[in-house]
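Now for the letters of each chain:
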Protein chains: 2
Amino acid sequence: MASATLDDVATRAGVSAKTVSRVVNGERSVRPETRQRVLRAVEQLDYRPNLLARGLSGAHAYTIGLVYDNPNAYYILAMQQGALSACDDLNFGLQMRPCNSKASALAEDLRDFVHRSRLSGLVLTTPVSERSAALQRLAAYKIPFVRIVSAARDPHDGFPCVYVDDRDAAYAITIHLLQLGHQRIGFLRGGKHHHASAERLRGYKEALRDYGVPPRKELMIDGDYVFDDGFRGARRLLDLAEPPTAIFGCNDEIAAGALAAAQSTGLHVPYDVSIAGFEDSPFSRHSWPPLTTARQRADIIVERATRMLIACIGGEDVENEGFNPELVVRGSTAPPRPKSRQRKRA
Amino acid sequence: MASATLDDVATRAGVSAKTVSRVVNGERSVRPETRQRVLRAVEQLDYRPNLLARGLSGAHAYTIGLVYDNPNAYYILAMQQGALSACDDLNFGLQMRPCNSKASALAEDLRDFVHRSRLSGLVLTTPVSERSAALQRLAAYKIPFVRIVSAARDPHDGFPCVYVDDRDAAYAITIHLLQLGHQRIGFLRGGKHHHASAERLRGYKEALRDYGVPPRKELMIDGDYVFDDGFRGARRLLDLAEPPTAIFGCNDEIAAGALAAAQSTGLHVPYDVSIAGFEDSPFSRHSWPPLTTARQRADIIVERATRMLIACIGGEDVENEGFNPELVVRGSTAPPRPKSRQRKRA
DNA sequence: CACCACGATGACAGCGCTGTCATGGTTCGA
DNA sequence: TCGAACCATGACAGCGCTGTCATCGTGGTG
């Protein structure tokens, strides 16, 4: 009924409880032969360490925190899934924590969160992971963390991270639009305080440059990662004297807003205007037409980050790792209408 | 630095640790005067019980589990928010757990989850809360739980619950459509194994009956709570010889699918066909046109359920409580076109 | 060969709390 | 008036684990 304890395993393996503890925690100084005996006993008894006891006794609770501040439900859920799967696998607990990344006392809020539950460390997702002052403070508090950032390359700044090349994916999307024949491509930017949005903007600009298309200020519109800003931004673009023939939204929700704006104006997507998003959230699959976008496997990315964090906590050296989102072409992008038939509204 | 312990509080209040424990846990037998002294000390030291120690020592871990099996990200997130806010407030921990409600060993999976973390109890959300065989087993395992169910009235079945009157809300939505002048109203049903979907269907039928409109088999289509089924179902409805002038989707995602189907067929919503959803998820606000729907405050409902559960665990008697979703009218519903102009496609 | 360093292991205390039981004081009824 | 019943409180052990330190055996070194 009650699950096996360290002592049960120790008795069965003919060693002391402390030795079992050593094996379970992957400490070095155990003879391979002893280790084998212990592992066998662990398996036979289906032993699983009691997180409560571990936490009470040890220096930390063998539990990590997943910290997010994001309006995107699908994204958060995917991240939770990824973190949960890593934690389950490695016998760690998981605390999920929404937070306010703009709070001035962010680092202190997180510190309290960590101390209260004696957390072993944090996985910081964007945009929390981009508040560099807070990161410094967390490091000063000796709180281990792994962060997920938007960068083309390993930042090599001393903090472990998983980096996602948003620039590259935005570049690919823009190239896709250019290859379809679009020359006037609107860009709806998301969250100024998200580094990812700057990276995506960069990818967009670099693609234009490589195709010899001059960037135009009036085609780039600021906003937040929300539907309404996508809607408003797209309206502004479509009301221009010379409106864009394609719109690239900085994430799927923005793109969904743009799609709604186009439809509310009587335009047909993709015939009158092409629309692309970013993220491959269900949004992009569940609109009509479904959105061309960039697939980001948040679950896999966060699972990786979680494993890195737990390795760090265990004192292992870890290497930063990069991910590339991939282009997903769906029905919301098509070649522009020939000039003569442009701007015809239903 | 390190936070205060029971002993610190005890010393300050001039009592034993056990007495502080009694006060903190709301046990009866403490003199009001002593209680006051202790509470003052607790406040002064900003004492918060250590969940790890509590769990290790006590019969349970002062932590509850939130169990869900739902494809709807917004819904889950809202529920998490609600549970978190109650737990934070009451010094309980929270474990969030997706699960497979169709698993035959559901009760045993949950039991293992509870035992492994020594959870104090579970909040069961739909459809997990509707697997009555599993509920019986959980009760037999002596696992406390509070469930959220779809019912017009307190079920009085001995298990505590929060009940949501889906029937009533579906009735209101259908009446809204009838009052606009619709006579042929399609119904896209969601998840057969969700009791809520049966309740919503019931509300739909009862509204038709009260308006003297005969229900028609061919206008009610089965499916799951997913976009694709909404899309396919709506296509089937719109392809009928005499298609409906309004479609009621069993949740917002289904309705979004129906919306996409209508648009993909060249129909204009709401002029050619009205569409209503259920749930008030961002989906319903972020489509074009935004969806008429029924607002369900999942966060508030789950917060209430969580408080009930914790009260139960503390040995208090609790009363079941009901919630009514409310009708939200948006742009996706309008009077049907006059007969002569119907079925004109763009 | 004596000595030391080091690797492998175990004994033991204690993390912060609650459950159990004991204690002393008070109240109540016969 | 006395004992039973009861209330308020405290002493103490122990939940399952890890950190610290002690112990023992081994191999290398001068």
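What counts and what doesn't
- Residues numbered from 1 in each chain as written.
- Chains lettered and ligands numbered in written order.
- Predicted model: local features only at pLDDT ≥ 70, side-chain atom pairs only at ≥ 80, totals over all residues.
- Heavy atoms only, no water.
- Near = heavy atom within 4 Å.
- Polar contact = N/O pair within 3.5 Å; in protein donor to acceptor, adjacent residues only side chain to side chain.
- Nonpolar A, V, L, I, M, F, W, Y, C, P; charged D, E, K, R; others polar.
- Least-squares fit on C-alpha atoms with pLDDT ≥ 70 in both.
- Contact = heavy atoms within 4.5 Å.
- Core = buried A, V, L, I, M, F, W, Y, C linked by side-chain atoms within 4.5 Å.
- Buried < 20%, exposed > 50% of the residue type's maximum accessible area, 1.4 Å probe, protein only.
- Salt bridge = Lys/Arg side-chain N within 4 Å of Asp/Glu carboxyl O.
- Helix = DSSP H or I, 4+ residues; strand = E, 2+ residues; numbered from the N terminus.
- Domains from an automatic or database assignment.

Trainee: Explain the protein's contact with DNA strand D here, please?
Mentor: Around DNA strand D there are 24 residues in total, and Leu6, Ser21 and Tyr47 of chain A together with Thr19 and Thr34 of chain B lie nearest to it. Close to the protein, within 4 Å, the atoms of DNA strand D are drawn from sugar and phosphate at a rate of 61%. Backbone polar atom of Asn50 of chain A to a phosphate oxygen of DNA strand D: 3.3 Å apart, as the coordinates give it. In terms of residue class, the surface near DNA strand D is made up of eight nonpolar, eleven polar and five charged.

Trainee: I keep staring at the relation of the copies chain B and chain A and nothing clicks. Help me out?
Mentor: Look at the two chain copies: a rotation about an axis and a shift along it is all it takes to match them. Once chain B is rotated about the relating axis by 180 degrees and shifted along it by 0.0 Å, it coincides with chain A to within an RMSD of 0.1 Å. Each copy turns onto its partner about a two-fold axis. Identified as the residue of chain B closest to the rotation axis by C-alpha distance is Leu52 of chain B, at 2.4 Å. The fraction of interface residues of chain B whose copies in chain A are also interface residues reaches 100%, indicating that both copies meet through the same surface.

Trainee: Even after reading the chapter, I still don't get the nonpolar core, so can you show me in this structure?
Mentor: Soluble globular proteins tend to pack their nonpolar side chains together in the buried interior. Ile64, Ile247, Phe248 and Ile275 of chain A together with Ile247, Phe248 and Ile275 of chain B are the most contacted members of the largest nonpolar core, which totals 146 residues. For Phe248 of chain B, the contacting residues outside a window of four places in its chain are Ala170, Ile173, Thr174, Leu177, Ile185, Gly186, Phe187, Leu188, Tyr204, Ala276, Gly277 and Phe278 of chain B.

Trainee: What should I look at first to understand the pattern of salt bridges in this one?
Mentor: Two side chains that carry opposite charge are able to pair once their charged atoms sit near each other. All names here are of chain A. In the structure shown here, the tally under the stated rule is 46 salt bridges over all chains. Glu206 serves as the salt-bridge partner of Arg167, at 2.7 Å between the closest nitrogen and oxygen. Taken together, the residues Arg167 in helix H8 (residues 166-180) and Glu206 in helix H9 (residues 195-210) connect sequence positions 39 residues apart. The residues Arg167 and Glu206 share a single accessibility class, namely buried. Put simply, Asp280 and Arg330 hold a salt bridge, and the shortest N to O gap is 2.7 Å.

Trainee: What is the right way to read unusual backbone geometry from this model?
Mentor: Trans is the prevailing form of peptide bonds, just as negative phi is the prevailing case for residues other than glycine. With an omega dihedral of 0 degrees, the bond running from Thr126 of chain A to Pro127 of chain A counts as a cis peptide bond. Position of Pro127 of chain A relative to the elements: it lies in the loop between strand S3 (121-124) and helix H7 (132-140). Of note, the bond from Val269 of chain B into Pro270 of chain B is cis; its omega dihedral lies within 30 degrees of zero at 5 degrees. Among the structural elements, Pro270 of chain B can be located in the loop between helix H11 (252-264) and strand S9 (274-276).

Trainee: Just checking my understanding: could you explain the domain arrangement of chain A for this structure?
Mentor: Interface size is often expressed as the accessible area that is lost when the parts come together. All names here are of chain A. When the domains of chain A are assigned, the result is domain 1 (6-49), domain 2 (63-161) and domain 3 (166-295 + 329-341). Using only C-alpha atoms to locate each centre, domain 2 and domain 3 end up separated by 30 Å. Of the residues lining the interface, ten residues belong to domain 2; the matching set on domain 3 comes to twelve residues. Here domain 2 is connected to domain 3 by three residue pairs in polar contact (both at pLDDT 80 or more). When the residues that make up the side of domain 2 that touches domain 3 are grouped by side-chain class, the tally is five nonpolar, three polar and two charged.

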